[in-house]
Structure formats: C-alpha cells, structure tokens
Amino acid sequence: MIETVPVALGTRSYDVKLAAGLLSEAGAHIAPLLKRPKVAIVSDAHVASLHLDALTKSLDAQGISHSNLSLPQGESTKSWAHLQDVVHWLLSEQIERADVVIAFGGGVIGDLVGFAASILRRGVRFVQIPTSLLAQVDSSVGGKTGINAPHGKNLIGAFHQPSLVLADISVLGTLTERDFLAGYGEVAKYGLLGDAAFFDWLEANGPALAAGDEALRLAAVKHSVAMKAGIVSRDETEQGERALLNLGHTFCHALEAATGYSDRLLHGEGVAIGCALAFETSARLG
Ligand code: GLY
C-alpha cells in the first residue's frame, strides 16, 4: 500500500509517496507530470549501479525516454564544478522549461540536482527519488537545494520545491549500516524537536527498525516526513519555526567543515553528535 503525505504550499504543493518497492512503479507516478515523455536522471555512481535498472524499467513501461548522468558519491560532489557539469549536461540533453529532471540518490544528489533545476532555464520542475534514510526523512522534502562553499555548508542555493517525492523504503535495505545509522540521526531529531511520543516509539522500535523491519521503517519515515511537511507548510523559507529542523546542525556544520566535508564524518553522524552537543549546551545553560 502506498502512503501519501501532502506538503501544502499553495500552487507549489506536492505529495510525498512512500512504499516498499515503489521504484518499480515510479514511471506511473511521474507520467502525469510530463508534457512530453522524456526525463533526465541525475544519480550517483553507487546508487545507479544498484537501482537505476529498476527506475528505468518503470519509465520504459510508461513509454518515457530517459538519459542518465552519474556523479561521484560523497559530500564533495556538492560543488560549483559538479553543478556546472549537471547544468551543462541537462542543456546538452535538451531539457526544456516544461520538462522534469529526476534527482535519484541521497541528500547530496537531491540538493545538487534541485539547485541545478532551480537555475536551468530560470527553473524547471524536478522529482526527488531519495535513496538514503537521511534524504527520505529530511533533505528530499521542503525545497532546500544547494551546494557547499569554502565559507561553509549549503551557503549557495535556492528554495525550489520538488513536484513529487517518491520514497521507496525497500532501497534502504541496500544501505551500509553506517549510512543507515547516520540517517537515523535525523529521525531521532524529529523526536527531540517536539514529539516525545515519537522519541519513546523510537526508543522501543529503533533496534528492530535498524535490523531491517520494513513496516517499522515505513512508519518512522512517514512520521518524520509528516512532521517536516507540517513545519515546511507553515514556514517554507525559515523565518521562524523551520529553524527547529536545524537542531544540532550548527555543531554539525562546524564538525563537517573541520573534517573537510569528507567521509570521515557523514552528515547524519554530525547531526547525531550535534544534537548531543546541543543537549549538553542547553543543560549547561540551565
Ligand atoms: N534540513 C533542514 C530543513 O530542511 O529545513
């Protein structure tokens, strides 16, 4: 069964659809958005090697033509150089203003490709197909897109909402334990930032969820996305309440800068450590 969480943003509203095995139906969900049967997919090499076939089969089944650009995995891909590669590739693929670009990967791909879509021909639509836990519960929803600068993380970007988010819970089964647990840092964040009952639920169900229970994973992702959708629909451009979603992120960004945006510290790990440091700081401040 497909779960749907609406993100209410007036004319820019969209749905987040969640289910195990959703990738095999992605084409059917994307087809109604298209003015012509053509999409461009930007992925990372690792995700493409694991899941691109399933996505392209679902597009083929709908008669949608597709081309793919695969980028290197990792935070350093959120750069001017790769933004230029993506934009130039989309232009060479003759992606027009009415076309749709697909961001197929984790948070790095979603942020980079969303930003490319926001500036290509003054803005084209894009679909997020997040493949990491972190991207499914946080970065694919809400329209924050961008790249990193030498001055700090995510300092160059735009608010550009996707037209659809498709979260296939089954692909989480191919994450390394480290990547899954890093994403879990963002899930725990939702419990800490204002939902004690969810935090208790995570305390009870976290081990089974981490061990691979798809029903529990779906429940956790859906709850997180619903919390985020509510916050984003009330404060899209972070004038107030949305800043709650940055819990632990100030420490996190400092730690990521200190480790050179490298695999030494994954973003979700930084969030988990950052939440603990924020807690410690709050306690010290009384
Ligand atoms: N990841 C924080 C936000 O979307 O506002």
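Reading guide: rules and limits
Residues numbered from 1 in each chain as written. Predicted model: local features only at pLDDT ≥ 70, side-chain atom pairs only at ≥ 80, totals over all residues. Heavy atoms only, no water. Helix = DSSP H or I, 4+ residues; strand = E, 2+ residues; numbered from the N terminus. Rg over C-alpha atoms; globule rule 2.2 N^0.38 Å. Contact = heavy atoms within 4.5 Å. Lys, Arg positive; Asp, Glu negative; His and termini not counted. Charge placed at Lys NZ, Arg CZ, Asp CG, Glu CD. Buried < 20%, exposed > 50% of the residue type's maximum accessible area, 1.4 Å probe, protein only. Pairing = 2+ DSSP bridges. Axes fitted to C-alpha atoms, helices over the stretch in contact; angles between N-to-C directions.

1. Notes on the overall build of the chain
What the chain contains, in helices and strands, is 10 helices and nine strands. A globule of 286 residues ought to have a C-alpha radius of gyration of about 19 Å, and the chain, at 18 Å, matches this closely. Overall, the C-alpha framework of the chain stretches about 60 × 45 × 35 Å when taken along its three principal axes. Sequence separation of 24 or more characterises 74% of the internal contacts of the chain that already satisfy a separation of 6 or more. For the chain, the distance from the average position of its 22 positive side-chain charges to the average position of its 30 negative side-chain charges is 8 Å.

2. Quick look at unusual backbone geometry
Here the phi dihedral of Arg-122 falls at roughly 65°; this positive angle occurs in a residue that is not glycine. Turning to its location among the elements, Arg-122 is positioned in the loop between α4 (107–119) and β6 (125–130). Unusually for a residue other than glycine, Tyr-261 sits at a positive phi of about 50°. Mapped onto the elements of the fold, Tyr-261 is located in the loop between α9 (249–258) and α10 (267–284). Of the residues examined, Tyr-261 reaches a relative accessible area of 17% and is grouped as buried.

3. A closer look at the sheet that holds strand β4 (residues 65–71)
A sheet is described by the order of its strands in space; here seven strands give the open sequence β1-β2-β9-β6-β5-β3-β4, paired in mixed fashion. Of all strands in the sheet, those with a lone pairing partner are β1 (3–7) and β4, marking the two edges. Averaged over neighbouring strand pairs, the angle between their axes works out to 20° when direction is ignored. Here strand β3 (residues 38–44) runs beside strand β5 (residues 100–105); their pairing, made up of five bridges, is parallel. When the bridges of β5 are listed, Ser-43 appears paired with Phe-104. Running over the sheet, helix α3 (residues 80–92) touches β3, β4 and β5 and is turned about 165° from β4.

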